[in-house]
Amino acid sequence: MKVDIYKKTAKDFKELPNLEDYDKTYRSFEWKHWRKELGWFDGKINAAYNAVDRHVDTWRKNKIALYWEGESGTTQQYTFEQVALNSNKFGNILKDFGVERGDRVFLFLPRIPELFFAFLGILKIGAICGTLFSAFQEQALEDRLGNSDAKVVITTAELKPRIDKVKKHLPNLKHILVVDTESFVKSFASASTELTIAHMEPDDYAFMLYTSGTTGKPKGVVHAHRAILQEYLTAKWVLDLKDSDTYWCTADPGWVTGIAYEILGSWANGVTSVVFGGRFDPKRWYQILEKYKVTVWYTAPTAVRMLMAGEIKHPTKEFDLSHLRHMCSVGEPLNPEAVKWGIKVFGRAFHDNWWQTETGAICIANLPCNDIKIGSMGKPFPGITAAIVDDHGRELGPNKEGNLALKPGWPSMMQTIWRRPQKYESYFVNKWYISGDRGWRDNDGYFWFIGRADDVIKTSGERVGPFEVESALVEHPAVVEAGVIGKPDALRGEIIKAFVVLDKDYFRHSGKSAKGGRIQNPDPGQARMTKEQEELLKEELSQYVKKHLAGHAYPREIEFIDKLPKTRSGKIMRRILKAKELGLPIGDTSTLEEY
Ligand code: ATP
Ligand code: MG
């Protein structure tokens, strides 16, 4: 396999990154030395205090913590002090409703400022905050609120009817607070801004949320206040947040990235954050980057691929994106093509990093100070021991495929899976935390993603990861996205089947596709490819992958589809492609996008 290396040069750094020497730091690193930067001195902590309130005693008091912009263009802004005081109000209101330490309070809110205040307020009174993505429908809500025995749900008038429909099955749900009703607005206005923040043990639960549901039924992952330490330091070293930055994380707090890097870790660094409450739209996103002079941008592969395929081919010509200095990505494997596109278009690389809801914070990353091997997830964060192990938890050497595993004990490791202690136990084998992802490590200590354990394809005795086949397909100018599965085959065990989304311009415009390739049959008047043209293109794609990868790792079957099934957080759900292909039940679809 040919690896492209993106070497860091002076042009990548307008100023030196927060972490300058990875190897040296990794060798001498100890988590406990970094607590004091967070204001965590004695045994007790409260992540909400460490993230926000401690800034109120410093010059950051009047610094903007949050620039918020809604879909309609309405804007609001809040200083650190205002965020602290508004979250105190939420804490007081919840106390009045009888919320106590350890109670679960769930947020079913769009990305509005109240979400951020409420989250912090819940932590401040020692309750456990759960987040629910605002697109969830009744069944998804009932499952999560039922499993967690939530006492209170905070929502909006628009979303409330969905809770009302399932309320009768939720005997422990005592209150539904609706933030945009007149009565709530009134009680919020008169609520006290004085609140004694609960002193928590580092291991006391702070928040919980359900995994993305990519591989099956979502798991209720519970995190403790101590997670903030790793969230803080990874935000500082991986996202490279500095006081001078304006930072935009595009994730929703319904998922862990939105909690760790849009609330706790990012604000713990005292950074000014942008939150855009609206939907994905390339033009709007570039406008947000321009308008707020965003310097650090944290997003997801699916968004990068959609921007690549979007109408705007030269964003830096149409928008002033000159402030952008650092870009990161998480959530799915980031195809090399997407990294190369970033370098071409923005003059800088997206820095891929790997972690999970369960890990609570970034664990493997391309740090700003390290060169990037394009397609790799980078190296273990200081304080993290990562390895590739076999199914018995025995460590494998470099260049061997196996389970991506971590040595338990990192600060943001999940505390439990809510009410499923056996599920929790099942993550640990021979004193390793087994992530459920497959990968390998190279001689230089870079980690490479192969696929989810369930998704790895066994064809003619060889193991093939869907990611490399998808990445090879995405490199072809006709392809926007691809989802690859193993399809049972009498002869070969499995064959590789690819579901491919084509670039619509590839066929529509004669001559050149959006990504610079040539079309097969340029007839601009023709709306769709004929069957023969489709077959030709499938053959071309198969051959293309064959040429780029090993001879056995090419798709013997290709199907063109309009869009891939994805989770609401934008991850390709290969299990749904597979179930549909095999005519099997598709399982939990609570996080499935419209499909
Ligand atoms: P579920 O556990 O319910 O199936 P999920 O695993 O998608 O859903 P998350 O915890 O949101 O839920 O996602 C973590 C997973 O996302 C990782 O285990 C990995 O498969 C994938 N992932 C995250 N970042 C990367 C990355 N940089 N490269 C490759 N895969 C990644
Ligand atoms: Mg998972």
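Treat the numbers as computed from the prediction; the structure is a model and nothing was measured. Residues take numbers from 1 onward in each chain, read along the sequence in its written order. Whichever chain is written first is A, and whichever ligand is written first is 1; the rest continue in order. Local features in this predicted model are restricted to residues whose pLDDT is 70 or higher, and side-chain atom pairs enter the listing and the counts only when it is 80 or higher, whereas totals over whole chains, interfaces and linings include all residues. The side-chain numbers reported here are obtained from all heavy atoms of the structure, hydrogens and water having been left aside.

## Focus: the overall build of the protein chain
Reasoning step 1: Secondary structure elements are defined from DSSP: runs of H or I of at least 4 residues count as helices, runs of E of at least 2 residues count as strands, and each element is numbered from the N terminus. A count of helical and extended segments in the protein chain gives 18 helices and 28 strands.
Reasoning step 2: The atom set for the radius of gyration is the C-alpha atoms, and the globule formula is 2.2 Å times the number of residues raised to the power 0.38. What you see for the protein chain is a C-alpha radius of gyration of 24 Å, in line with the 25 Å of a compact globule of 595 residues.
Reasoning step 3: For the protein chain, the spread of C-alpha atoms along the principal axes amounts to about 70 × 55 × 50 Å.
Reasoning step 4: Here, residues are in contact when the closest pair of their heavy atoms is within 4.5 Å. Within the protein chain, contacts between residues separated by at least 24 positions form 70% of all contacts whose residues are at least 6 apart in sequence.
Reasoning step 5: A 1.4 Å probe and the Shrake-Rupley method give the accessible areas. Residues count as covered only by the protein chains that appear here. As presented, the protein chain carries roughly 23700 Å² of accessible surface, and 50% of it is formed by carbon and sulfur atoms.
Reasoning step 6: The distance from the centre of the 83 positive side-chain charges to the centre of the 78 negative ones in the protein chain is 1 Å. Positive residues here are Lys and Arg, negative ones are Asp and Glu, while His and the chain termini are left out of the count. Note that the charge is assigned to NZ on lysines, CZ on arginines, CG on aspartates and CD on glutamates.

## Concerning the nonpolar core
Considering soluble globular proteins, one finds that nonpolar side chains tend to be buried as a cluster.
Reasoning step 1: Grouped together as the largest cluster of nonpolar side chains are 102 residues, with contacts concentrated most on F119, I154, Y261, L264, W267 and Y298.
Reasoning step 2: If you look at the next biggest cluster of nonpolar residues, it comprises 30 residues, including V274, M308, L324 and V339. Among buried residues, those of type Ala, Val, Leu, Ile, Met, Phe, Trp, Tyr and Cys that are joined through side-chain atoms within 4.5 Å constitute a nonpolar core. Summary of the burial criterion: residues with accessible area below 20% of their type's maximum are buried, those above 50% are exposed, and those between are partly exposed, where the area comes from a 1.4 Å probe applied to protein chains only.

## With respect to the state of the cysteines
Reasoning step 1: The disulfide criterion is simple: two cysteine sulfur atoms within 2.5 Å. Following the criterion strictly, the structure yields zero disulfides and no others.
Reasoning step 2: There is no disulfide at C129, and the cysteine sulfur nearest it, in C249, is 16 Å away.
Reasoning step 3: C328 carries a free sulfur, and the closest cysteine sulfur to it, the one in C249, is 10 Å from it.
Reasoning step 4: Residue C328 is classed as buried on the basis of its relative accessible area, which comes to 0%.

## Let's talk about the sheet that holds strand β13 (residues 326-329)
Reasoning step 1: At least two DSSP bridges between two strands are required for those strands to pair. One open sheet accounts for nine strands, arranged β3-β2-β11-β10-β12-β13-β14-β15-β17; its pairing is mixed. Sheet topology places β3 (75-79) and β17 (379-380) at the edges, where each strand pairs with a single neighbour.
Reasoning step 2: In the sheet, strand β12 (residues 296-299) pairs with β13 via four bridges, with the strands oriented parallel. The partner of T299 across the bridge, within β13, is S329.
Reasoning step 3: Its contacts with the sheet put helix α3 (residues 80-96) on β2 (64-69) and β3, and the angle it makes with β3 is roughly 90°.
Reasoning step 4: For helices, the fitted line uses only the C-alpha atoms of the stretch in contact; every axis is such a line through C-alpha atoms, and the angle between N-to-C directions lies from 0 to 180 degrees. Sheet strands touched by helix α13 (residues 336-346): β12, β13 and β14 (350-354). Its angle to β14, the strand with the most contacts, is close to 150°.

## A word on the packing of α3 against helix α7 (residues 182-190)
Reasoning step 1: Where α3 contacts α7, the two axes come as close as 9 Å, and the packing angle between them is 110°. It follows from the interaxial angle that α3 and α7 lie roughly perpendicular. The crossing of α3 and α7 is right-handed. Residue-level contacts link N86, K89, F90 and I93 of α3 to F184, S187, F188 and A189 of α7.
Reasoning step 2: Classification convention: Asp, Glu, Lys, Arg as charged; Ala, Val, Leu, Ile, Met, Phe, Trp, Tyr, Cys, Pro as nonpolar; all other residues, Gly among them, as polar. Grouping the constituent residues of the contact of α3 with α7 by class yields five nonpolar, two polar and one charged. Under this scheme an angle from 65 to 115 degrees is roughly perpendicular, one under 35 degrees roughly parallel, and one over 145 degrees roughly antiparallel; angles in between are oblique. Note on convention: near helix rotated counterclockwise from far helix by under a right angle means a left-handed crossing. Clockwise means right-handed.

## Some words on the sheet that holds strand β4 (residues 104-108)
Reasoning step 1: Strands sit in the order β7-β6-β4-β5-β8-β9-β20 across an open sheet of seven strands; the sheet is mixed. Two strands close off the open sheet at either side, each with one partner strand: β7 (175-178) and β20 (416-417).

## Digging into the UniProt feature "domain: AMP-dependent synthetase/ligase" (unreviewed entry) in the protein chain
Reasoning step 1: UniProt positions are given in the numbering used here, feature names are shortened, and annotations may be inferred rather than shown by experiment. In the numbering used here, UniProt assigns the "domain: AMP-dependent synthetase/ligase" (unreviewed entry) feature to residues 54-407.
Reasoning step 2: This span, residues 54-407, is 33% helix and 22% strand, and a straight line between its end C-alpha atoms measures 32 Å.

## What about helix α8 (residues 227-237)?
Reasoning step 1: Of all 11 residues that make up α8, 11 are buried, and the element is covered over most of its length.
Reasoning step 2: Along α8, the residues classified as buried are A227, I228, L229, Q230, E231, Y232, L233, T234, A235, K236 and W237.
Reasoning step 3: Buried positions along α8 lie against α1 (22-28), α2 (47-56), β8 (205-210), β9 (220-224) and α9 (256-268).

## Focus on the pattern of salt bridges
Any two side chains of opposite charge can pair, so long as their charged atoms come close to each other.
Reasoning step 1: A pair is scored as a salt bridge if a Lys or Arg side-chain nitrogen falls within 4 Å of a carboxyl oxygen belonging to Asp or Glu. In the structure shown here, the tally under the stated rule is 44 salt bridges.
Reasoning step 2: For the salt bridge of R438 with E401, the shortest nitrogen-to-oxygen distance reads 3.0 Å. Pair noted here: R438 is in strand β22 (residues 432-441) and E401 is in the loop between β18 (386-389) and β19 (402-406), with a separation of 37 residues, a long-range link.
Reasoning step 3: With a relative accessible area of 11%, R438 lands in the buried category.
Reasoning step 4: The class of E401 is partly exposed, set by a relative accessible area of 24%.
Reasoning step 5: Put simply, E15, D240, K242, D245 and R325 are held in one network by salt bridges that share partners.

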